[in-house]
Amino acid sequence: KAGVTQTPRYLIKTRGQQVTLSCSPISGHRSVSWYQQTPGQGLQFLFEYFSETQRNKGNFPGRFSGRQFSNSRSEMNVSTLELGDSALYLCASSLGKAGGGNEQFFGPGTRLTVL
Amino acid sequence: GENVEQHPSTLSVQEGDSAVIKCTYSDSASNYFPWYKQELGKRPQLIIDIRSNVGEKKDQRIAVTLNKTAKHFSLHITETQPEDSAVYFCAASSSGSARQLTFGSGTQLTVLP
């Protein structure tokens with residue numbers, strides 16, 4: 001099976017702009033979670049989507065949003081970019097079965113730089 | 001919410017020695033504990049995980065132990081090799097938010113030849 005893919009891999013934006021990142025999960029996986037990775041804050045959970053519905057949300061401002069399509073592909077959007085949004089954005093896919101312990105597999109990430 | 005603490009932040013060992021990384025968690029409802037390895041410039045890779053109904057799990061040179069009473073879990077790597085050098089992250093999640101992983105701050109492991 002093909003792994004999790006993310007596009008684009010690198011992105012440079014300026015403050016105030018908005019950006020959309022895309023994630024395609026492993027075939028058959030219905031859950032997509034997004035994480036932000038920075039040297040200072042480490043890996044932080046943004047949100048999780050399952051069957052086109054947001055099921056969990058981390059502690060990020062409303063500028064960060066996402067959605068999921070019927071084919072399980074997911075996008076996240078960041079509006080009004082700030083310098084502090086520069087990070088590696090990772091998505092992870094899992095089967096999304098009920099209960100805990102679903103293994104999550106990460107994509108290669110999108111490196112966002114805000115100037 | 002869940003809080004995961006990870007120690008040490010850096011660890012250097014001689015090739016062939018063992019390495020141990022420890023994590024503690026705060027939420028007693030957490031029941032799934034994966035470990036990820038991230039090499040420089042690459043994605044985190046799941047290397048082993050453990051669920052709360054078992055105390056230990058092994059996979060070749062890697063093992064994870066869980067102490068639910070004390071709320072801590074550890075990664076053990078035996079016979080370390082230079083290719084084990086990477087950042088290792090522990091994480092925790094509960095069944096109520098199964099795909100919301102809370103990560104530790106990471107351990108930079110360096111295996112010296």
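Before reading further, recall that the structure is shown in the block above.
Fair warning: this is a prediction, and the values are worked out from it, not measured in the lab. (Residues numbered from 1 in each chain as written. Chains lettered and ligands numbered in written order. Predicted model: local features only at pLDDT ≥ 70, side-chain atom pairs only at ≥ 80, totals over all residues. Heavy atoms only, no water.)

A.B. asks: How do you make sense of the packing of aromatic side chains when you look at a structure like this?
C.D. replies: On inspection of all chains with the given rule, the structure shows 13 aromatic pairs over all chains. With 5.3 Å between their ring centres and 65° between their planes, A:Phe60 and A:Phe64 make a pair best called edge-to-face. In this pair, the class of A:Phe60 matches that of A:Phe64, namely buried. For the ring pair B:Phe33 and B:Phe73, a centre distance of 4.9 Å and an interplane angle of 50° mean the geometry is tilted. Remark: B:Phe73 occurs in strand β8 (residues 72-77) and B:Phe33 occurs in strand β4 (residues 30-38); sequence separation between them is 40 residues. Through pairs of rings, three or more aromatic residues link up here, namely A:Tyr35, A:Phe45, A:Phe106, B:Tyr36, B:Phe89 and B:Phe103. Lying across the ring of A:Phe50, A:Arg55 places its NZ or CZ 4.1 Å from the centre. (Phe/Tyr/Trp six-rings, centres within 6.5 Å; stacked < 30°, edge-to-face > 60°. Buried < 20%, exposed > 50% of the residue type's maximum accessible area, 1.4 Å probe, protein only. Helix = DSSP H or I, 4+ residues; strand = E, 2+ residues; numbered from the N terminus. Lys NZ or Arg CZ within 6 Å of the ring centre and 35° of its normal.)

A.B. asks: Explain the interface of chain A and chain B to me, please; I cannot follow it from the model alone.
C.D. replies: Reports often express the size of an interface as the amount of accessible area lost when the parts come together. On the side of chain B, 18 residues touch chain A, which itself brings 26 residues to the contact. Between chain A and chain B, roughly 1800 Å² of surface is buried when both sides are summed, and carbon and sulfur atoms account for 52% of that area. Scanning the region where chain A abuts chain B turns up one salt bridge. Of the charged contacts in the structure, one is a salt bridge between B:Arg51 and A:Glu103, with a shortest N-O distance of 3.4 Å. Summed over the shared surface of chain A and chain B, the number is six residue pairs in polar contact (both at pLDDT 80 or more). Those elements giving two or more residues to the side of chain A that touches chain B turn out to be β4 (31-38), β5 (42-50), β6 (53-57), β9 (87-94) and β10 (105-106) of chain A. Here the element with the most residues in the side of chain A that touches chain B is β4(A); it accounts for four residues. For the side of chain A that touches chain B, the per-class residue count stands at nine nonpolar, 12 polar and five charged. (Contact = heavy atoms within 4.5 Å. Buried area = accessible area lost by both parts, 1.4 Å probe. Salt bridge = Lys/Arg side-chain N within 4 Å of Asp/Glu carboxyl O. Polar contact = N/O pair within 3.5 Å; in protein donor to acceptor, adjacent residues only side chain to side chain. Nonpolar A, V, L, I, M, F, W, Y, C, P; charged D, E, K, R; others polar.)

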